[in-house]
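# Descriptive analysis of the structure
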Amino acid sequence: MSRPITASLNLEALRQNLQIIRRAASGARVWSVVKANAYGHGLDRVWSALGATDGFALLNLEEAILLRERGWKGPILMLEGFFHADELELFDKYRLTTSLHSNWQVKALASAKLHDPIDVYLKMNSGMNRLGFAPERVHSIWQQLRAIPNVGELTLMAHFADAEKPDGIIEPMKRIEQAAEGLACRRSLANSAATLWHPETHFDWVRPGIILYGASPSGQWQDIAASGLKPVMTLKSEIIGIQTLHAGACVGYGSRFRAQGEQRIGIVAGGYADGYPRHAPDGTPVLVEGVKTGIVGTVSMDMLAVDLTPCPQAGIGSPVELWGEEIRIDDVAAASGTVGYELMCALAPRVPVVTL
Ligand SMILES: *Cc1c(COP(=O)(O)O)cnc(C)c1O
């Protein structure tokens, strides 16, 4: 038997989540965002379960080429565009849609030798101040692009910094309206939070990522609890050791946890080198033999400890869910001061993955 930790991927949940998203944004087409190796799930493992999507959005050329080699013929959007002018040859060869956010990219595209025009997502800065042209420049860049023979279909793209807040899109939407005034343009604006909570942002193409994988864009599971979205990834392991502590005995590095009275604890094969957050505090939820309990002591590289007080029947070999269908990744992340996005993306390569 090998080390008992595994990540299992529920591909049916992924399919269903895409359908839920389609219903939520029924007037729009859907870019399924599969950057960062499909948020840590493995692009090659999951892309075909998303085969009903209208397009895939990501940002590594290698990942885009993988999709083409696997037979995906639909659109692929490169969210950060090309990083160097010489990549345009591959954008041409593999029919990739590029985001375009800087002047040098406009020039590079204008002077590239291509077989066919490339579709362009003109990226505007709606206030997040990461990538994109200022709203007042959009008009002139748009006209400039229209005159370039290498430019195919043009779409206006923006991104939201605060779409999980009820009024978080008001200011950015004003800037987008200002930029788009007088342009008869297709638009793609909505990330997961805007797709779920701000239908007025849907327009032509939505770009959901985290909700495909069944976690919350706000970091709070309750915010998507009623949506029907289901977690795709379940990280499971087993208890490989048992300790009975006396009052005052400590657990793990730094002796962070100290038993108040006699207490049984279980040692689980799973630690930060598997992707479990080292910052998880005592009480971070975990499921043992189907019973919810909490972790105790500092998470080690390869192990962590759990309180067995609520599950006295648990012993060596008892199943443990670290996150998944019962223990929400959002709850583990929130306890640890991060978001589900980071935990998914940080699933370590040493964890065997099975697809269901
Ligand atoms: C990552 C990303 C998304 C998806 O964001 P989620 O919050 O996961 O839905 C959408 N658009 C762009 C430009 C992105 O970089």
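Cut-offs used in this document
Residues numbered from 1 in each chain as written. Predicted model: local features only at pLDDT ≥ 70, side-chain atom pairs only at ≥ 80, totals over all residues. Heavy atoms only, no water. UniProt positions renumbered as here; feature names shortened; annotations may be inferred. Near = heavy atom within 4 Å. Polar contact = N/O pair within 3.5 Å; in protein donor to acceptor, adjacent residues only side chain to side chain. Areas by Shrake-Rupley, 256 points an atom, 1.4 Å probe, with all protein chains shown as cover. Nonpolar A, V, L, I, M, F, W, Y, C, P; charged D, E, K, R; others polar. Phe/Tyr/Trp six-rings, centres within 6.5 Å; stacked < 30°, edge-to-face > 60°. Helix = DSSP H or I, 4+ residues; strand = E, 2+ residues; numbered from the N terminus. Buried < 20%, exposed > 50% of the residue type's maximum accessible area, 1.4 Å probe, protein only. Lys NZ or Arg CZ within 6 Å of the ring centre and 35° of its normal.

- In the nomenclature of an unreviewed UniProt entry, the chain corresponds to Alanine racemase from the organism Siccibacter colletis.
- Check the Cofactor (unreviewed entry) section of the UniProt entry for the chain; it says "pyridoxal 5'-phosphate".

## Here's the deal with the site of the ligand
- Neighbouring residues of the ligand: 13 residues in total, closest Lys-35, Tyr-39, Ser-192, Ile-210 and Tyr-341.
- Interatomic distance of 2.7 Å between a side-chain N/O atom of Lys-35 and an oxygen atom of the ligand.
- Interatomic distance of 2.5 Å between a side-chain N/O atom of Tyr-39 and an oxygen atom of the ligand.
- For the ligand, whose free accessible area comes to 390 Å², the fraction covered by protein is 92%.
- Tallied by class, residues from the shell around the ligand come to 7 nonpolar, 4 polar and 2 charged.

## What about the packing of aromatic side chains?
- Tallied over the entire structure, the rule returns 9 aromatic pairs.
- Taking 5.8 Å as the distance between ring centres and 75° as the angle between the ring planes, the aromatic pair formed by Trp-31 and Tyr-121 counts as edge-to-face. Residue Trp-31 is found in strand β2 (residues 29–33), and its partner Tyr-121 is found in strand β6 (residues 118–123); the two are separated by 90 residues along the sequence. As far as the burial class goes, Trp-31 and Tyr-121 line up, both buried.
- Judged by centre distance (5.9 Å) and plane angle (85°), the ring pair of Phe-82 and Phe-91 falls under edge-to-face. The burial state of Phe-82 is the same as that of Phe-91; both residues are buried.
- In this structure, Arg-328 packs its charged tip against the face of Trp-221, placed 3.7 Å from the ring centre.

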